[in-house]
Amino acid sequence: MTWPGSLEHPTLIAAADRLVEELRSLRDRLQHQNDTQHMQHTECADRVRNVAQYLEAALQQAANDAYLSAFATLRTALEHMLVDHLVFSGARYIRIYSGVDDATWADWQRKRAAGDAFTEIIDWARKKNLVEVTYEGLRSTPDEQGQTYVISPHYFLLRQYQPYLGPASAQAEFDDGIGDIEDDRKFAQENDHIYRTYLSWSSIKKNLMSNGFADEATITKLEVHYRFLSAFVHPLADVTEVVYGRNNFNIPSYDHYSSELIFLYAIVIAVEELRHFREMAQRRPTVGIANWTATAELCERAWQLASHLWFPGHEPHPYDYVQEANTRAFRLRRENPTAVIQRRDPMSIPAGEVRYYRDPMRRLVALHAGFHEIMTGYSYASPWPRADAQFR
């Protein structure tokens with residue numbers, strides 16, 4: 001029996017499969033310069049391959065109509081891709097110091113201005129008694145010409161962090177009679193500090209901004225997708241209706257919208273991962289990638305194919321312009337019930353002023369359903385109309 005998704009999403013499926021293969025084969029396509037293989041290139045390519053495994057699993061789950069697990073897998077892939085951007089090209093990292101009172105802060109500023117301390121920092125900011133300090137990453141040993149390059153601190157942090165270690169309070173449970181318990185507790189505390197300072201979701205966001213990989217608007221958009229996908233990781237809410245629609249008692253079953261959203265996520269995550277690796281490959285020490293031109297063309301086609309997701313880096317869809325125009329009219333009428341709504345072409349609204357959406361699934365369904373708002377007069381005609389969208 002043919003899976004309905006293969007008939008309804010053939011182009012998306014083909015693009016996602018091609019991208020996963022690109023991720024999987026990247027390591028074998030590296031062209032090391034001057035017969036010198038830098039370990040970070042190979043290890044970063046291995047991380048690219050890991051993303052391929054997550055995305056391939058999500059696509060297989062989608063083909064089995066197992067959408068809940070597919071979205072949960074995509075949450076891991078999304079976070080993996082964002083962390084990899086820091087691992088591949090991050091040149092800065094943030095440390096947070098707590099308990100910095102006014103006197104201490106004044107003393108730190110004086111010492112920095114005099115060149116007596118904190119000379120290695122790039123920037124810092126204090127909020128209440130917390131100080132966020134931005135440092136440059138580690139520099140390589142100078143080469144024959146005396147030149148160095150920055151190695152991402154996250155590259156080393158991922159090698160240091162041990163997710164299975166457990167908290168300091170649990171170390172006595174694992175006493176082997178050989179090591180020192182106090183040393184184990186201290187190591188566990190340091191391990192926890194690495195996670196909270198550099199690898200937690202809040203820290204990832206801060207470091208993405210610190211390195212110029214994202215601004216606040218981008219982070220706001222990423223938060224929408226992180227929250228949505230996280231709903232399938234944590235069993236704190238019933239998300240069955242989200243993926244199978246209302247009044248669907250035949251579960252699991254095929255759903256056009258859930259399967260489409262999974263393919264869209266797989267595509268944008270894969271494209272971003274490939275582009276981030278390419279960005280690293282062009283920085284010192286450089287490494288070539290065989291047939292990259294074909295890969296870049298595939299990424300561009302796939303990126304445009306998934307553009308209606310409006311992932312960070314995409315432009316708003318015409319639907320979003322109409323929604324923004326409607327929202328402005330509704331707010332005006334709420335503030336002044338007798339106000340006359342001056343209609344304008346929604347597409348004339350600057351893209352940067354179109355507000356982002358809250359729910360990726362609801363929006364995707366709405367993209368397939370046209371509407372005409374009587375109060376404002378604004379209309380949206382879907383390029384992919386589906387009769388079931390209004391009942392989903």
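What counts as what
- Residues numbered from 1 in each chain as written.
- Predicted model: local features only at pLDDT ≥ 70, side-chain atom pairs only at ≥ 80, totals over all residues.
- Heavy atoms only, no water.
- Helix = DSSP H or I, 4+ residues; strand = E, 2+ residues; numbered from the N terminus.
- Expected span 1.5 Å × (residues − 1).
- Buried < 20%, exposed > 50% of the residue type's maximum accessible area, 1.4 Å probe, protein only.
- Contact = heavy atoms within 4.5 Å.
- Polar contact = N/O pair within 3.5 Å; in protein donor to acceptor, adjacent residues only side chain to side chain.
- Salt bridge = Lys/Arg side-chain N within 4 Å of Asp/Glu carboxyl O.
- 1 Å grid on protein atoms, 1.4 Å probe; cavity = no way out; pocket = protein on both sides within 12 Å on 5 of 7 lines; lining within 4 Å.
- Points joined across faces, edges and corners; volume = space filled by probe spheres on them.
- Nonpolar A, V, L, I, M, F, W, Y, C, P; charged D, E, K, R; others polar.
- Pairing = 2+ DSSP bridges.
- Axes fitted to C-alpha atoms, helices over the stretch in contact; angles between N-to-C directions.
- Phe/Tyr/Trp six-rings, centres within 6.5 Å; stacked < 30°, edge-to-face > 60°.
- Lys NZ or Arg CZ within 6 Å of the ring centre and 35° of its normal.

So, on to helix α2 (residues 10–25). At 3.6 residues per turn, the α-helix brings residues three or four places apart onto the same side. In this model α2 runs 23 Å from its N-terminal to its C-terminal C-alpha over 16 residues, within 8% of the 22 Å that 1.5 Å per residue would give. Among the residues of α2, L12, I13, A15, A16, L19, V20, E22, L23 and S25 are the ones counted as buried. Along its buried surface, α2 packs onto α1 (4–8), α3 (39–63), α11 (256–281) and α12 (292–305).

A word on helix α9 (residues 216–230). For α9, spanning 15 residues, the distance from its first C-alpha to its last is 20 Å, which sits close to the expected 21 Å at 1.5 Å a residue. The set of residues buried in α9 consists of I219, K221, L222, E223, V224, H225, Y226, F228, L229 and S230. Buried residues along α9 sit against α4 (67–89), α8 (201–210), α10 (240–244), α11 and α14 (360–367). Measuring from the side-chain oxygen of the N-cap residue of α9 to the backbone nitrogen of A217 gives 3.3 Å; that N-cap residue is D215.

A pair can form between side chains of opposite charge whenever their charged atoms are brought close. Throughout the structure, instances matching the rule amount to 24 salt bridges. Here E79 and R75 are joined by a salt bridge, their closest N and O atoms 3.4 Å apart. Placement of both E79 and R75 in helix α4 is noted, with a separation of four residues, approximately one turn of the helix. For E79, a relative accessible area of 17% translates into the label buried.

The subject of this paragraph is the layout of surface pockets. Approximately 620 Å³ is the volume found for the largest pocket. Around the largest pocket, the lining is made up of 23 residues, and of these Y319, D359, R362, R363 and A366 lie nearest the centre. Those elements giving two or more residues to the lining of the largest pocket turn out to be α10, α13 (318–335) and α14. Looking at side-chain class alone, the lining of the largest pocket contains 10 nonpolar, three polar and 10 charged residues.

As a further point, take empty space enclosed by the protein. Applying the stated criterion across every chain yields a total of one cavity of 30 Å³ or more. In this structure, the largest cavity occupies an estimated 130 Å³ of space. Elements with a contribution of two residues or more to the lining of the largest cavity: α3, α4 and β6 (150–151). Class assignment for the residues of the lining of the largest cavity results in nine nonpolar, three polar and two charged.

Two faces belong to every sheet, and in a regular strand the side chains alternate between them. In this sheet, strand β4 (residues 130–136) lies alongside strand β3 (residues 121–127) in antiparallel orientation, the contact comprising six bridges. Along β4, the bridge assignment pairs K127 with L130. Where β3 folds back onto β4 in an antiparallel hairpin, the turn is made up of two residues, including K128, whose phi is positive at roughly 60°.

With respect to the element layout, W292 can be found in helix α12. Taking the C-alpha atoms as reference points, W292 and P10, 282 residues apart in sequence, are found 25 Å from one another. The residues contacting W292, other than those within four sequence positions of it, are R29, L274 and R278.

Let's shift gears to the sheet that holds strand β2 (residues 92–97). Where strands meet in a sheet, backbone hydrogen bonds hold them as pairs that are either parallel or antiparallel. Overall, antiparallel pairing links the three strands, which are arranged β2-β4-β3 in an open sheet. On the outer flanks of this sheet lie β2 and β3, each paired with one strand and no other. Pairs of neighbouring strands in the sheet enclose a mean axial angle of 20°, with direction left out of account. The pairing of β2 with β4 spans six bridges and is classified as antiparallel. The partner of I94 across the bridge, within β4, is T134.

A few words on the environment of F88. With respect to the secondary-structure elements, F88 resides in helix α4. For F88, a relative accessible area of 4% gives the class buried. For F88, the residues in contact, after removing those within four places along its chain, are C44, V48, E273, H276, F277, M280 and R283.

Here the structure, examined in full by the defined rule, presents 23 aromatic pairs. Relative to F118, the ring of W108 lies with its centre 5.0 Å away and its plane at 45°, an arrangement referred to as tilted. Here F118 lies in the loop between α5 (102–114) and β3 and W108 lies in helix α5, a separation of 10 residues in the sequence. Judged by its relative accessible area of 17%, F118 falls in the buried class. Relative to Y226, the ring of W201 lies with its centre 3.8 Å away and its plane at 0°, an arrangement referred to as stacked. Here W201, found in helix α8, pairs with Y226, found in helix α9; they are 25 residues apart in sequence, far enough to count as distant. One exposure class covers both W201 and Y226, and it is buried. Among the aromatic side chains, those forming a connected cluster through ring pairs are Y97, W105, W108, F118 and W124. It is R275 that lies over the ring of W303; its NZ or CZ is 5.1 Å from the centre.

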